[in-house]
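Structural description and commentary
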Amino acid sequence: MTRVSTCWILVTFLVISATSDLSAQPSLRMTDASAPPGGTVDVAVLVDNPGAGIDGWSFGVCHSAAELTLLSAASGATTSTVNCGMPPFFEMIDLHADGFTMTVVVD
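Anyway, here's the lowdown on the structure attached to this text. (Residues numbered from 1 in each chain as written. Predicted model: local features only at pLDDT ≥ 70, side-chain atom pairs only at ≥ 80, totals over all residues. Heavy atoms only, no water.)

Before going further, it helps to spend a moment on the nonpolar core. Residues L28, M30, I54, W57, F59, V61, F100, M102, V104 and V106 constitute the largest nonpolar core, which totals ten residues. Secondary structure elements with two or more residues in this core: strand 2 (27-30), strand 4 (54-62) and strand 6 (99-105). For this core, the leading source of residues is strand 4, giving four residues. With sequence-adjacent residues up to four places away left out, F100 is seen in contact with V45, F59, G60, V61, L70, A73, I93, D94 and L95. (Core = buried A, V, L, I, M, F, W, Y, C linked by side-chain atoms within 4.5 Å. Buried < 20%, exposed > 50% of the residue type's maximum accessible area, 1.4 Å probe, protein only. Helix = DSSP H or I, 4+ residues; strand = E, 2+ residues; numbered from the N terminus. Contact = heavy atoms within 4.5 Å.)

Structurally, S58 is set in strand 4. S58 sits in the buried class, given a relative accessible area of 18%. A distance of 3.3 Å separates a polar atom in the side chain of S58 from a polar atom in the side chain of T103. (Polar contact = N/O pair within 3.5 Å; in protein donor to acceptor, adjacent residues only side chain to side chain.)

Following this line, the structure appears as structure tokens:
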């Protein structure tokens, strides 16, 4: 089994939060995955916010287009209810040959 190596770069990670508590900073991480050559794999990008509510976020993930092909990118279940049980006010996912960007404004 060949390990799928992704080079991801945090283009922008902007979290607008109602708190200034430095001990409760949000974090961004990706799950680890592997597949044989020609296989497919799902990788989740997760934002953890231990502090107050998030008003919005934006980030980008990139990879080597020579090694990987991005098939799709979609919001998770939590994003669809982030605005007091409703979808966010604005959400955009842009796919690129070498990655994707996501921008969300909650309210």
